[in-house]
Amino acid sequence: MSEYEVLSDTDGLVAAAAARFVDVVVAAQRARGSASVVLTGGGTGIALLELVRREPGAIDWSRLDVFWGDERFVPAGDPERNDLQARQALLDHVPVNPARVHPVSTSDGEYPDPVEAAAEYGAAVHAHLAEHGAFDLHLLGMGGEGHVNSLFPHTAAVREEHELVVAVSDSPKPPPVRVTLTLPAVRRARHVVLVVGGAGKAEAVAAAMGGADPVDFPAAGAIGSESTTWLLDKAAAARLS
C-alpha cells in the first residue's frame, strides 16, 4: 500500500527525503548490521544527498552499500554521470568504504559496450541481493511522463520482467545510452521512496498512484516490499483526490 506526504515547497520536499534516507539507513544498520541504498540523480536527488551530508544522524558510513538506479553511459568525469554528482554532493565527504560503492562502468572504461556494462553491474546487484536479500532503500525521482530510473513508457526496458539490469540505447531523454535497474530490481527494495515536485508531474503522480499500467506510467510499478512512500510538493499532489 502506497503512502504519500505533501510538503509545502522544494525545501520541505528535500528535507523530508533526507530525513527518510537517514531513518531507513540507521534502522537497517541497527536491525541487520549494514544497510544498502540505491540513489537517484536529478536536482532533488542530489540536493537531498547534500542535506544528508550536513545532517547524517547516526549513519555508520563504513557499513553502507551504495548503488545507483540508473546511469548515463558517458565517459568518466562527464558531469552528467549520476555517480560523479553523488560523490561531489556526499560520498567524497563521508567515510564510505570504497569497496561498498558500486558505480556503473563508464563508456571509456573496462566495459565500453553498454550491454556488457549492464551485465557487469547486474552481477554486482545479484551478488548483493544474494548476500543481503534486498536493498534497504531505493530512492526515485519521476519525470513528467512517469518515468523512473531510465525506464520510459512503452519501452523494452519498462516491460522487462526478469533481468535486474538492462542497457538502454534509445532513451527519449538525452543522453540516449544508459544502464538502468528494472522494475523487478526496484521491487527488491524493502523501502521505495519517490521524491517528486512540480505541477508538470501532477498528472503522472495521480495516474501512477491510481493504479495505472506501469508500461504507460512506469512509476506505477515502483513498489517496495515493505513500504512505498511518495514525497510530493503541493503542485505535484494537485490532482490527488
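- An unreviewed UniProt entry annotates the chain as 6-phosphogluconolactonase originating from Nocardia arthritidis.
- The record held by UniProt for the chain lists under Catalytic activity (unreviewed entry) the comment "6-phospho-D-glucono-1,5-lactone + H2O = 6-phospho-D-gluconate + H(+)".
- UniProt annotates the chain under Function (unreviewed entry) with the comment "Hydrolysis of 6-phosphogluconolactone to 6-phosphogluconate."

## Topic: the side chain of Ser105
No. 1: Of note, Ser105 is situated in the loop between α3 (82–89) and α4 (114–132).
No. 2: In terms of polar contacts, Ser105 uses its side chain to reach the side chain of Glu120, at 3.4 Å.
No. 3: Each residue touching Ser105, except ones within four places of it in the same chain, is listed here: Phe73, Arg81, Tyr111, Ala117 and Glu120.

## What about the pattern of salt bridges?
No. 1: All chains considered together, the criterion is met by nine salt bridges.
No. 2: With a shortest N-O distance of 2.6 Å, Asp136 and Arg32 are connected by a salt bridge. On the criterion of sequence distance, the pair formed by Asp136 in strand β5 (residues 135–140) and Arg32 in helix α1 (residues 10–32) is long-range, its members being 104 residues apart.
No. 3: Arg32 gets classed as partly exposed once you look at its relative accessible area, which sits at 42%.
No. 4: Linked by salt bridges that have partners in common, Arg32, Asp136, Arg190 and Glu226 make up one network.

## Topic: the layout of surface pockets
No. 1: Considering only enclosed or pocket space, the largest pocket measures out at about 370 Å³ in volume.
No. 2: In this structure, the largest pocket is lined by 21 residues; those nearest its centre are Thr40, Gly41, Gly42, Gly141 and Met142.
No. 3: For the lining of the largest pocket, the secondary structure elements donating two or more residues are α2 (42–54) and β4 (70–72).
No. 4: Ranked by the residues each element gives to the lining of the largest pocket, the list is headed by α2, at four residues.
No. 5: In the lining of the largest pocket, the residues fall into four nonpolar, 12 polar and five charged.

The rules behind each value
Residues numbered from 1 in each chain as written. Predicted model: local features only at pLDDT ≥ 70, side-chain atom pairs only at ≥ 80, totals over all residues. Heavy atoms only, no water. UniProt positions renumbered as here; feature names shortened; annotations may be inferred. Helix = DSSP H or I, 4+ residues; strand = E, 2+ residues; numbered from the N terminus. Polar contact = N/O pair within 3.5 Å; in protein donor to acceptor, adjacent residues only side chain to side chain. Contact = heavy atoms within 4.5 Å. Salt bridge = Lys/Arg side-chain N within 4 Å of Asp/Glu carboxyl O. Buried < 20%, exposed > 50% of the residue type's maximum accessible area, 1.4 Å probe, protein only. 1 Å grid on protein atoms, 1.4 Å probe; cavity = no way out; pocket = protein on both sides within 12 Å on 5 of 7 lines; lining within 4 Å. Points joined across faces, edges and corners; volume = space filled by probe spheres on them. Nonpolar A, V, L, I, M, F, W, Y, C, P; charged D, E, K, R; others polar.

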